[in-house]
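One letter stands for each residue in the lines below.
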Amino acid sequence: MGSLMTENEMDSETKEPILYVNGVRRVLPDGLAHLTLLEYLRDIGLTGTKLGCGEGGCGACTVMVSYFDQNSKKCVHLAINACLAPLYSLEGMHIITVEGVGNRRYGLHPIQESLAQSHGSQCGFCTPGFIMSMYALLRSSQKPPTKEDIEENLAGNLCRCTGYRPIVDAFRVFARTNDALYTNESSGLSNSEFVCPSTGKPCSCGLNIKDDKKTTCNGDIMKPISYNAIDGAAYTDKELIFPPELLLRKLTNLCLNGSNGLKWYRPLKLQHVLDIKARYPDAKLVVGNTEVGIETRLKNFHYPVLIHVAHVPELNQIIIKDDGLEIGAAVKLSEIVKVLKTVSDQRAPFQTSSCRSILEQLKWFAGAQIRNVASIGGNICTASPISDLNPLWMATRAKFQISDCKGNIRTCAAEKFFLGYRKVDLARIISGWFVMRPLFTGRCSYSVSANETKAFLMGKHWKKDVLQGALRILEKDILLKENAPGGMVEFRKSLILSFFFKFFLWVCHQMDGLASFEDKVPKSHLSAIKAFHHPSVIGSQDYDIVKRGSAVGAPEVHLSSRLQVTGEAEYTDDVPMPPNSLHAALILSKKPHARIIAIDDVAAKSSPGFAGIFFAKNVPGDRWVGPIVADEELFASEIVTCVGQVIGVVVADTHENAKHAARKVHVQYEELPAVLSINDAIKSNSFHPNTERCLTKGDVDLCFLSGQCDKIIEGDVRVGGQEHFYLEPNITLIWTIDGGNEVHMISSTQAPQKHQKYVSHVLGLLMSKVVCKTKRIGGGFGGKETRSAFFAAVAAIPSYLLNRPVKLTLDRDIDMMVTGQRHSFLGKYKVGFTNDGKVLALDLEIFNNGGNSLDLSLPVLERAMFHSDNVYEIPNIRIKGKVCFTNFPSNTAFRGFGGPQEGSVLHYGQQIEHSTLERLWNELKTSCDFLGARKEVEEFNLNNRWKKRGIAIIPTKFGISFTAKFMNQAGALVQVYTDGTVLVTHGGVEMGQGLHTKVAQVAASCFDIPLSSVFISETSTDKVPNASPTAASASSDIYGAAVLDACQQIKARMEPMASKHSFGSFAELANACYMERIDLSAHGFYKTPDIGFDWETGKGVPFRYFTYGAAFAEVEIDTLTGDFHTRRADVIFDLGFSLNPAIDVGQIEGAFVQGLGWVALEELKWGDAAHKWVPPGCLYTCGPGTYKIPSINDVPFKFSVSLLKDAPNDKAIHSSKAVGEPPFFLASAVFFAIKDAIIAARAETNVTDWFPLDNPATPERIRMACIDEFTKPFIDSDYRPKLSV
Ligand SMILES: Cc1cc2nc3c(=O)[nH]c(=O)nc-3n(C[C@H](O)[C@H](O)[C@H](O)COP(=O)(O)OP(=O)(O)OC[C@H]3O[C@@H](n4cnc5c(N)ncnc54)[C@H](O)[C@@H]3O)c2cc1C
Ligand code: FES
Ligand code: FES
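Residues numbered from 1 in each chain as written. Chains lettered and ligands numbered in written order. Predicted model: local features only at pLDDT ≥ 70, side-chain atom pairs only at ≥ 80, totals over all residues. Heavy atoms only, no water.

Scanning the chain for helices and strands turns up 36 helices and 46 strands. A compact globule built from 1285 residues should have a C-alpha radius of gyration of about 33 Å, and the chain, at 31 Å, falls within 12% of that. With respect to the three principal axes, the spread of C-alpha positions in the chain is 95 × 80 × 80 Å. When the 1285 residues of the chain are sorted by exposure, 63% land in the buried category. Taken as a whole, the chain presents about 48400 Å² of accessible surface, with 53% of it coming from carbon and sulfur. With 135 positive and 138 negative side-chain charges, the chain shows a spacing of 3 Å between the two charge centroids. (Helix = DSSP H or I, 4+ residues; strand = E, 2+ residues; numbered from the N terminus. Rg over C-alpha atoms; globule rule 2.2 N^0.38 Å. Buried < 20%, exposed > 50% of the residue type's maximum accessible area, 1.4 Å probe, protein only. Areas by Shrake-Rupley, 256 points an atom, 1.4 Å probe, with all protein chains shown as cover. Lys, Arg positive; Asp, Glu negative; His and termini not counted. Charge placed at Lys NZ, Arg CZ, Asp CG, Glu CD.)

The next point concerns the sheet that holds strand β46 (residues 1198-1203). Spatial ordering of the open sheet is given by β18-β46-β45-β44-β36, a layout of 5 strands whose pairing is mixed. Of all strands in the sheet, those with a lone pairing partner are β18 (538-542) and β36 (947-960), marking the two edges. Sheet twist, expressed as the average angle between the axes of neighbouring strands with direction ignored, equals 10°. Here helix α35 (residues 1228-1243) sits on the sheet in contact with β36, β44 (1105-1118) and β45 (1124-1133), set at roughly 150° to β36. (Pairing = 2+ DSSP bridges. Axes fitted to C-alpha atoms, helices over the stretch in contact; angles between N-to-C directions. Contact = heavy atoms within 4.5 Å.)

Running from N to C, helix α3 (residues 110-117) and helix α4 (residues 127-140) point in directions that differ by 135°, and their axes come no closer than 10 Å. Relative to α4, the element α3 is oriented oblique. Seen from above, α3 lies across α4 with right-handed handedness. In this structure, α3 uses Ile111, Gln112 and Leu115 to contact α4, whose residues at the interface are Thr127, Ile131, Met134, Tyr135 and Leu138. Tallied by class, the residues present in the contact of α3 with α4 amount to 6 nonpolar, 2 polar and no charged. (Parallel < 35°, antiparallel > 145°, perpendicular 65-115°, else oblique. Left-handed = near helix turned anticlockwise from the far one by under 90°. Nonpolar A, V, L, I, M, F, W, Y, C, P; charged D, E, K, R; others polar.)

Its place among the elements puts Ile1091 in the loop between β41 (1081-1087) and β42 (1092-1094). Of the residues examined, Ile1091 reaches a relative accessible area of 10% and is grouped as buried. Between the C-alpha atom of Ile1091 and that of Ser961, which follows or precedes it by 130 residues, the distance is 8.4 Å. Residues contacting Ile1091, with those up to four places away along its chain left out, are Ser961, Lys965, Asn968, Val1101, Pro1102, Phe1103 and Arg1104.

This paragraph deals with the nonpolar core. Phe171, Phe1152 and Ile1234 are the most contacted members of the largest nonpolar core, which has 185 residues in total. Per-element accounting of this core gives the leading share, 10 residues, to helix α34 (residues 1141-1160). With residues near it in sequence (within four places) discarded, Ile1234 still touches Val1115, Ile1117, Phe1124, Ala1160, Ala1257 and Ile1262. One finds Ala33, Leu37, Phe365 and Ile380 within the second-largest nonpolar core, a separate group that totals 66 residues. (Core = buried A, V, L, I, M, F, W, Y, C linked by side-chain atoms within 4.5 Å.)

A few words now on helix α31 (residues 995-1007). Within an α-helix, residues lying three or four positions from one another point in the same direction, as the helix has 3.6 residues per turn. In a regular helix each residue adds 1.5 Å, so 13 residues correspond to 18 Å; α31 covers 19 Å between its end C-alpha atoms and thus fits that length. Counting buried residues in α31 gives 13 out of 13 residues, a clear majority hidden from the surface. Of the residues trailing α31, Asp1008 is marked for its positive phi of about 55°. (Expected span 1.5 Å × (residues − 1).)

Between its terminal C-alpha atoms α35 stretches 22 Å, which fits the 22 Å expected from 16 residues at 1.5 Å a residue. On its buried face, α35 is in contact with α30 (930-943), β36, β44, β45, α34 and α36 (1259-1265).

Note on placement: Gly898 falls in the loop between β35 (876-885) and α29 (917-927). Assessed through its relative accessible area of 1%, Gly898 is described here as buried. Those residues in contact with Gly898 that sit more than four places away from it in its chain are Val860, Arg863 and Ala864.

Right, let's talk about the site of ligand 1 for a bit. In the vicinity of ligand 1 lie 28 residues, with Leu285, Thr290, Ser375, Asn379 and Asp388 positioned nearest. At a separation of 2.8 Å, an oxygen atom of ligand 1 approaches a polar side-chain atom of Lys284. At 2.5 Å, a side-chain N or O of Asn379 approaches an oxygen atom of ligand 1. Burial of ligand 1 by the protein chains amounts to 89% of its free accessible area of 970 Å². (Near = heavy atom within 4 Å. Polar contact = N/O pair within 3.5 Å; in protein donor to acceptor, adjacent residues only side chain to side chain.)

A word on the side chain of Arg945. Among the structural elements, Arg945 can be located in the loop between α30 and β36. Not counting residues within four places of it along the chain, the set of residues in contact with Arg945 comprises Ser524, His525, Ser527, Thr1119, Ala1241, Glu1244, Thr1245 and Asp1268.

To continue, consider the pattern of salt bridges. Across all of its chains, the model carries 55 salt bridges by this definition. The partner of Arg595 in a salt bridge is Glu670, with the nearest N and O atoms 3.8 Å apart. Of this pair, Arg595 sits in strand β20 (residues 594-600) while Glu670 sits in strand β26 (residues 666-671), placing them 75 residues apart in sequence. The closest approach of N and O atoms between Glu656 and Lys659, which form a salt bridge, is 3.3 Å. Of this pair, Glu656 and Lys659 both sit in helix α22 (residues 655-663), 3 residues apart, which is roughly one turn of the helix. A single salt-bridge network, built from bridges that share partners, covers Glu39, Arg297, Glu656, Lys659 and Asp811. (Salt bridge = Lys/Arg side-chain N within 4 Å of Asp/Glu carboxyl O.)

This part takes up the confidence of the model for the chain. Scored by pLDDT, the chain comes out at a mean of 90, with 91% of its residues at no less than 70. Every residue in residues 179-222 is under pLDDT 50, and counting partners more than four places away or in other chains gives 82 contacts. (pLDDT = per-residue confidence, 0-100.)

Our next topic: the packing of aromatic side chains. Under the defined criterion, the tally for this structure stands at 31 aromatic pairs. Centre to centre, the rings of Phe501 and Trp946 are 5.1 Å apart; their planes meet at 65°, and the pair counts as edge-to-face. Accessibility expressed as a relative area gives 1% for Trp946, which makes it buried. The ring centre of Phe456 lies 4.3 Å from the NZ or CZ of Lys460, which sits over that ring. Its guanidinium or amino end placed over the ring of Phe1251, Lys1235 lies 4.8 Å from that ring's centre, counting from NZ or CZ. (Phe/Tyr/Trp six-rings, centres within 6.5 Å; stacked < 30°, edge-to-face > 60°. Lys NZ or Arg CZ within 6 Å of the ring centre and 35° of its normal.)

What follows covers the sheet that holds strand β1 (residues 18-21). With mixed pairing, 5 strands are arranged side by side in an open sheet as β2-β1-β5-β3-β4. In the strand order of this sheet, the two ends are held by β2 (24-27) and β4 (74-81), each with one partner. Between one strand axis and the next, the sheet turns by 30° as a mean value, whatever way the strands run. In the sheet, β1 pairs with strand β5 (residues 94-96) via 2 bridges, with the strands oriented parallel. If you follow Val21 over to β5, its bridge partner there is Ile95. Along the sheet, α4 makes contact with β3 (62-69), β4 and β5, crossing β3 at roughly 25°.

Here the focus is the pairing of strand β38 (residues 982-986). Counting buried positions over the 5 residues of β38 gives 4, a clear majority of the element. As paired elements, strand β37 (residues 969-976) and β38 share 5 bridges and run antiparallel to each other. Opposite Val974, over in β38, you have Val984 as the bridge partner. A loop of 5 residues connects β37 with β38, the two strands running antiparallel in sequence, and Gly980 in this loop sits at a positive phi of about 85°. Strand direction decides the pairing type here: β38 and strand β39 (residues 1014-1016), joined by 3 bridges, are parallel.

As structure tokens, this is what we get:
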């Protein structure tokens, strides 16, 4: 039993805890137990590792940890999430961050080089995380990984910009199988051929350049891998080795402290764990901290004593026995995968079916970074109702060994272990016995067995009537109440029957083999159990390169790409805090609509590190703000109108202390009735003032009455909102100068000018005294156009009043909760058409959910109305629109700006000119072989009862211009220096879309100098005033034109000098001009001509031109689960003569995948009538754990993008076209392909009538639309899954 360790004994062993970071030894001081590794790294200046979510869901914080395993005597290299790793849990280990992989000064690592060259970074915020995941994989692989390994390892990294294809391509080259391909001597390649990063094979993608230069694929960067058991794989001699000190060093017990009295113990024996637990009965055991970290950081749980048991040998044992496995509770999931694979390989299949099932399940368990740290015991003891593993332990009759503090051990069957919601019976778990048993289900607030069904099945023959009997009982065995947490009750019930059916078929197949399976059920039913194989993503890109001058038209890589892949690119949070800085945290409303009765801030004021608290009464200027109408209070004074509305702000010495203090403010409310949906708003006539709009063409009523229409249908369509999920959350750093006479800020925003305006407004300062700068942002997508300005204004108050720098960073959950989203829409339509499909009349009424302030909801609605016809010519149209006032946070711009929610003269009077739509449509229809694809799909559907495929082809037309005419203006400042370099500043913001790269190309071509001679440092309101937000896709058009104007002015001034002498270089010319006192700086300006729209008449020309495109998609759905995959997507776009086709392809791919999220994956769940299990007005889906943006697994398997050739656009700079938003809508091809597949599924049960499918078509909607015997017990024929709209 051993003796209790005294506090002193423990403390005596805490001498010099250390950590190596990028080869540098660092002593870890005591007092940091509250810190995560990420916080520590960023505090010591290693800001390449990013904070994207703080909950292990995005991978932006990925680093590699290496330690020496004393058992295997080998080094282990693992990718982990630094945001969840407690600092002291890494004691004695080596951390490599992106800075330790390579940098521009000493050379990039091949991974970094490849990603940069392959256009794999746009905003770059996710990029270091991808580099580190790939780096850890290579470093730990003795053999080059397979393509599948690579994609599997990247599943824990999210990217919101690129659509993943270029990242997969960049890394695919490391999965080579044939080294000969990579060396010029042996490859037999001619000089004109390259190993293409896109395919990993020789190609000639550098050859389709019409002009002089070829692009270079970076095939020569790959060198053979050498592998050393200690250091891992090495590509270059610059690779950081494993620190020799750590090879010899023995781990010691640790007892360290953190803030708020936190104690951190690292015992190295089980007995010590029990001793500490006896001393501190409430002490929390922790291994990977992937659950405890979420509880403490996001749910504000406080555990004063943490016992890190990851290094306790007894808890790390894996014993393989004849009749099962004994697994220590601290064993990591990635370790278990290895063991189960070994056991499965070594034993007969009938002995290891459980092992294989667990392996299969673990494939879908989180990302590699989580699996590398998360323990089996942690998963079991969390007792999550949605645990992926606990039902398997029950099904396999696992047993858990549980020890009390005295070391008494008892054994408990898994089935008896889970007592209730996150409640278990516990202290230690060391064994699991895997024996197969064929029934399990998880459908409650904790994992339980379906006992009645189990009893029925016992002793029965596995025949069809058993299936029917079991289903009947199982249906009643399901105990899900109407408002069960998690919702989707009908779906979950149907799933249980569906899974049982799958299970039934699987057992038939396993027991008797295919032959007798066919006797029992038709062969087409095999589709229910066919394992799904995810092939590696393949992309192709086809475009012409039309060079204009030295740079325009070339597929140059993003100018920041090399900075991004090395982590050297600075974002707002990476800027060092000035001395005396404070952190701000928001005091937020907890009610959707209420009167504020009282605010008690006494406790906050005595909170550690507190420096100030501010409310409405403290705002020195005007506290009413808004981009169009000033209808939003900076701090709610009397009434709150949504959950998450800002009531006040607290500042303190650290981010955590500020949050603690804010949480201590107690607000007393008197609740008022809340409007929590569009339908509520319509019923209670709750609309934003003056937002009613109408557009008409022809006579809709007459057409309906005329009898011309063969069919007239009416209905409604509901489209859910979408979270921007930019990887970098909102952040502002703001400070005063000259005692508050001036205010400066650095912000992550698409609209620095709006920040300047809002801040000057609330402070009562002149705009000329307020400056906002933005170097780059980690994604915006419309979400940082207006909402970011509001939060900058909030941060300005304490900064100004205290005369101290203040940083306001929104944590991911707060950002998602309070900054607004894409509007949800409700459309009520009546449409008349002929039997051959011609639409004759459309009467449409659309409502968007504006939330509690108007923000940009009116222009969003207007654009939706403009785009309601998509590309179709409808002779009679009436479109009415209204913006609903609801008690949700104000919704805002999002890529597409209303366009997606939704040849001749359009319904608002604009004449279509130079349409390329027909060309695009015909080219796509031919290239995708639509008719052939249709035949193949029909064939597949005929032979597969439970899997269905569908296809769709969709065109789009997107109007380019801000619909508010005055915003279509742009300014730029161009400065030529005597060394021949050019500094460009313009009003647009670089948010990953490559704007600065394209604009620099324009400047380079104008002066006929290399692109490398042009530099764009940042966007700043003191260089270019009154800039419109970087939005509406028009930025490269208007800023490119403004820069061109400035360059041409300078060129004209240089011209006399240039024509008089011959200069060897542009530098010589610039210097000569300087000597002649010629002004080498110019302000350029551009305003978009010939546009204007009058809402009084409903007629005009709102758009300069249209960008056209079309997409084809093929999907496969599992009709029993609603799971789907996009097998293929082909997109063709008309981008005129592209300024940079590689960047434009990146925009198309990124927008398409983001659109795919909108149409099929991303569902916002609000506390409303549809989701009564969520508190009213609250957002349930406020992090990557609950809100699923597309991951690498969701990318179309085959993804082809082509740009229309020979189609110059004379309405924009260098005959190009705008690209940012237009492709987004094309992902609706996936939506309609899903609907096509569902139609095929419904036909199997003879349901052939039209049906509504709301957006997004999530697995729930897909499954429930595929009506069959497993859904029917739970739904009526008009059932529609719930959606927050
Ligand atoms: C991004 C992300 C993705 C995830 N994905 C999935 C998923 O796909 N499927 C799924 O099922 N889960 C998922 N989880 C939850 C995850 O399984 C658990 O978080 C993980 O297995 C817990 O292991 P841990 O070592 O990190 O636990 P910790 O956070 O260290 O501990 C969790 C709990 O277990 C207790 N505990 C740990 N060890 C012992 C022990 N030996 N004896 C007694 N109590 C102990 C702790 O006290 C604590 O209460 C995910 C979590 C995150 C953050
Ligand atoms: S910040 Fe760590 S996973 Fe998102
Ligand atoms: S480049 Fe990946 S999130 Fe922006």
